[in-house]
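Fold and geometry: a report
Here are the chains, one letter per residue:
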Amino acid sequence: MSNINSNKKVLTPENREELLRTLKTRFEKNMNRHKSLEWTNVQAKLDQPANGEKLWSLNEMELTGGEPDVVGFDKNTGEYIFYDCSVESPKNRRSFCYDREALESRKENKPANNAMDMAGAMGTELLTDEQYRELQKLGNFDTKTSSWVKTPSEIRKLGGAIFCDRRYDHVFVYHNGAESYYGVRGFRGSLRV
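Now for a description of the structure that goes with this document. All values reported here derive from a predicted model rather than from experimental measurement.

**Structural notes on the layout of surface pockets**
- The computed volume of the largest pocket comes to approximately 260 Å³.
- Taken together, the elements giving at least two residues each to the lining of the largest pocket come down to strand S2 (79–84), helix H6 (129–136) and strand S8 (189–192).
- Tallied by class, residues from the lining of the largest pocket come to five nonpolar, four polar and four charged.

Rendered as structure tokens:
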């Protein structure tokens, strides 16, 4: 399914074309997420040889159920901003604790992975709670699931981590022990290209 253990972060021409078709279709279907942007400009950026690894990362986001889409453009850096836009937390990134330290602290019933390591292996960043709130302005996400978000170091030093979801038409930020994991909690990533 995912290629995150691969050292070669390059897509085959066939995978590349398939991913670009998928991204274009999603972009055109969800114009409310990027009203002032045009796909031709996004694709021109994705087609630049220097962005081969970024395309690989977008493919990892796709393969793990994230349904990445453009949610903005940074005029200062010239980068397009992609977030995981799946309606619920990405299916193949659930049941993970927060980070490696939390994973190693578990004596038994360890989850298969942790959110921070997997995001890093994919070449993405966890959304911050602020980014998560921005995403929620574009639709109703995580109404049945929840997503770990980047936790401030002062919270993490005390053993905690934060996650978010949408319930009762409001976005909530919660805390939990970083070592906890649940079948309905995953993580959402961001990527700049």
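**Notes on the nonpolar core**
- Judged by nonpolar contacts, the single largest core of 33 residues is most densely connected at Val42, Leu46, Leu58, Phe82, Trp148 and Phe187.
- If you list the elements that add at least two residues to this core, you get helix H1 (13–29), helix H2 (39–46), helix H3 (52–63), S2, helix H4 (100–105), helix H5 (115–122) and strand S5 (160–167).
- When neighbours within four sequence positions are excluded, Leu46 is seen to be in contact with Leu20, Leu23, Trp39, Asn51, Leu55, Leu58, Phe82 and Val193.
- Residues Leu127, Tyr132, Phe141 and Val149 belong to the second largest nonpolar core, which totals twelve residues.

**Some details on the pattern of salt bridges**
- Applying the stated criterion across every chain yields a total of 17 salt bridges.
- Put simply, Glu17 and Arg16 hold a salt bridge, and the shortest N to O gap is 2.7 Å.
- Residue class for Glu17 comes out partly exposed when judged on its relative accessible area of 39%.
- The network of salt bridges with shared partners includes Arg16, Glu17 and Asp47.

**Quick notes on H6**
- Every buried residue of H6 is listed here: Tyr132, Leu135 and Gln136. What you see down the axis of H6 is that its buried residues fit within an arc of 100 degrees, all on one side.
- Along its buried surface, H6 packs onto S2, strand S4 (146–149), S5 and strand S6 (170–177).

**A few points about the sheet that holds S6**
- The four strands are arranged S6-S5-S4-S7 in an open sheet whose pairing can be described as mixed. In this open sheet, the two edge strands, each paired with only one partner strand, are S6 and strand S7 (185–187). Across this sheet, the average inter-strand angle for adjacent strands is 35 degrees, counted without regard to direction.
- Of the pairings in the sheet, the one linking S5 to S6 comprises eight bridges and is antiparallel in character. From the neighbouring strand, Ala161 faces S6, where its bridge partner is Asn176.
- Sheet strands in contact with H6 are S4, S5 and S6, and its direction is about 10 degrees off that of S5.

**What about a nonpolar patch on the surface?**
- On the surface, a nonpolar cluster with roughly 350 Å² of combined accessible area is contributed by Tyr168, Phe172 and Tyr174.
- Relative to the helices and strands, Tyr168 is located in the loop between S5 and S6.

Quick notes on the rules
- Residues numbered from 1 in each chain as written.
- Predicted model: local features only at pLDDT ≥ 70, side-chain atom pairs only at ≥ 80, totals over all residues.
- Heavy atoms only, no water.
- 1 Å grid on protein atoms, 1.4 Å probe; cavity = no way out; pocket = protein on both sides within 12 Å on 5 of 7 lines; lining within 4 Å.
- Points joined across faces, edges and corners; volume = space filled by probe spheres on them.
- Helix = DSSP H or I, 4+ residues; strand = E, 2+ residues; numbered from the N terminus.
- Nonpolar A, V, L, I, M, F, W, Y, C, P; charged D, E, K, R; others polar.
- Core = buried A, V, L, I, M, F, W, Y, C linked by side-chain atoms within 4.5 Å.
- Buried < 20%, exposed > 50% of the residue type's maximum accessible area, 1.4 Å probe, protein only.
- Contact = heavy atoms within 4.5 Å.
- Salt bridge = Lys/Arg side-chain N within 4 Å of Asp/Glu carboxyl O.
- Arc of directions from axis to C-beta.
- Pairing = 2+ DSSP bridges.
- Axes fitted to C-alpha atoms, helices over the stretch in contact; angles between N-to-C directions.
- Patch = residues over 30% accessible without salt bridge, like charges linked within 9 Å, V, L, I, M, F, W, Y side chains within 5 Å.
- Areas by Shrake-Rupley, 256 points an atom, 1.4 Å probe, with all protein chains shown as cover.

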